[in-house]
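Each chain, written out:
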Amino acid sequence: MAESSNWTHLHAQVHRTLLYRQILPSTQRLLVAVSGGQDSLCLIKLLLDLQPKWGWDLAIVHCDHRWRSDSQASANHVAQLAKNWGISYYLETASDIPKTEAAARKWRYQALTEIAIAHHYLYIVTGHTASDRAETLLYNLIRGSGADGLSALTWTRPLLDFQLPILDFRLGNSGENPNSQISADFRLENHDENSQSKIQNLKSQIYLVRPLLEITRLQTGQFCQEQELPIWEDSTNQDLQYTRNRIRSELLPYLETHFNPKAQQALAQTAELLRADVEYLELAASDLLQQAMSPIADSPQVNFQLPVKLNRPILREAPLALQRRAMRQLLQQILPSAPSFESVEKLTSLIVAPNRSQTDPFPGGAIGRVEHPSIILDIKF
């Protein structure tokens, strides 16, 4: 695309970001999540304008949570935009209305994953901004999160990291149906082990990408106004019963007025710095865990199946930050749900506990005990 009067500062900024970070390779198939709001409209317009430079195959996906009376009209609005731009459009409608923000997010990523796998998109692109990053940092800080939660919105991550349930759809159905509405039935019982493994392998190849993390919501709004993009206002964004909306409408404006007029950018920068620290610490903790794990009985293999045996002297030599992360990584593999802070602390305390100390049961029934010089993690019958 020749740089013309349509080429704005935002076009140049996103183009530079993509060149620098290499998060959306050229000639790839991109599934762009579009709600109809200003952030997602800004995103799809930027990608459409950059498409001739990068050679992408773009498509739009819209997720209808059925939270609003006008949700179907909103979906139709986005469908018309896709038609006007001549790109494929996919609609996913919730069969059951999500009751919480967390449930809605879980359902949304399930839906996005299903469509991406069924139609061979390796990249799902969302319009999260620096403002979202600032809100997420504050939201998780208030909830007592560590560095991982404070830096939760990353530029890119494999969908496998979300540990979503295996999805129920027909593998091998590669036919493109641009205006399809794919059912959201996520049952597991009809899949054999080979099908489940195949889906997990596909998920590991799909990446969620957020190319607007250096752009604020104010900038996306100005861009939409300049480009005369028809924003569909989401009334739920004004509903202050949702914590994120209160952070957006009340807390951030207060911080900008009374403390730092660029609070959003400052908080987003903090999240970026923390993300690099987290990635380093996670790698170091993974190495520590591998060094500390020992095979059980006659098996020469070290794996995450119970029972697990850990070398306490090796763990004791490591800083507490790495001990905690290593124990959390282990618990993530063996517990039925994400480990709580209390569970991580309970297992970590065994590193320096007296011989024959043991924990009460973790979720799922596993118990950790000290058998000098080791920690044994196993199911107690």
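Going by the structure above, here's the rest.
Cut-off values and rules
Residues numbered from 1 in each chain as written. Predicted model: local features only at pLDDT ≥ 70, side-chain atom pairs only at ≥ 80, totals over all residues. Heavy atoms only, no water. Helix = DSSP H or I, 4+ residues; strand = E, 2+ residues; numbered from the N terminus. Buried < 20%, exposed > 50% of the residue type's maximum accessible area, 1.4 Å probe, protein only. Contact = heavy atoms within 4.5 Å. Areas by Shrake-Rupley, 256 points an atom, 1.4 Å probe, with all protein chains shown as cover. Axes fitted to C-alpha atoms, helices over the stretch in contact; angles between N-to-C directions. Left-handed = near helix turned anticlockwise from the far one by under 90°. Nonpolar A, V, L, I, M, F, W, Y, C, P; charged D, E, K, R; others polar. Phe/Tyr/Trp six-rings, centres within 6.5 Å; stacked < 30°, edge-to-face > 60°. Lys NZ or Arg CZ within 6 Å of the ring centre and 35° of its normal.

Considering the overall build of the chain
Item 1. Along the chain, the regular secondary structure elements total 13 helices and 10 strands.
Item 2. Each of the 381 residues in the chain was classed as buried or not, and the buried ones make up 46%.
Item 3. For the chain, contacts bridging at least 24 residues in sequence account for 73% of all contacts bridging at least 6.
Item 4. In the structure as shown, the chain presents an accessible area of about 19,400 Å², 50% of it carried by carbon and sulfur atoms.

Concerning the packing of helix α2 (residues 38-54) against helix α8 (residues 217-226)
Item 1. Two numbers describe how α2 lies on α8: the axes approach to 9 Å, and their chain directions differ by 65°. As α2 runs across α8, the sense of the crossing is left-handed. On α8, the residues that touch Gln38, Asp39, Leu41, Cys42, Lys45 and Leu46 of α2 are Arg217, Thr220, Gly221, Phe223 and Cys224.
Item 2. Residues belonging to the contact of α2 with α8 are distributed by class as follows: five nonpolar, three polar and three charged.

With respect to the packing of aromatic side chains
Item 1. Within the structure shown, the criterion is met by four aromatic pairs.
Item 2. Seen from their ring centres, Trp54 and Trp56 are 5.4 Å apart, and the 10° between their planes marks the pair as stacked.
Item 3. With a relative accessible area of 4%, Trp56 lands in the buried category.
Item 4. Above the plane of the ring of Trp7 lies Lys53, whose end atom (NZ or CZ) is 5.3 Å from the centre.
Item 5. One residue, Lys346, lies across the ring of Phe362, its end atom 4.4 Å from the ring centre.

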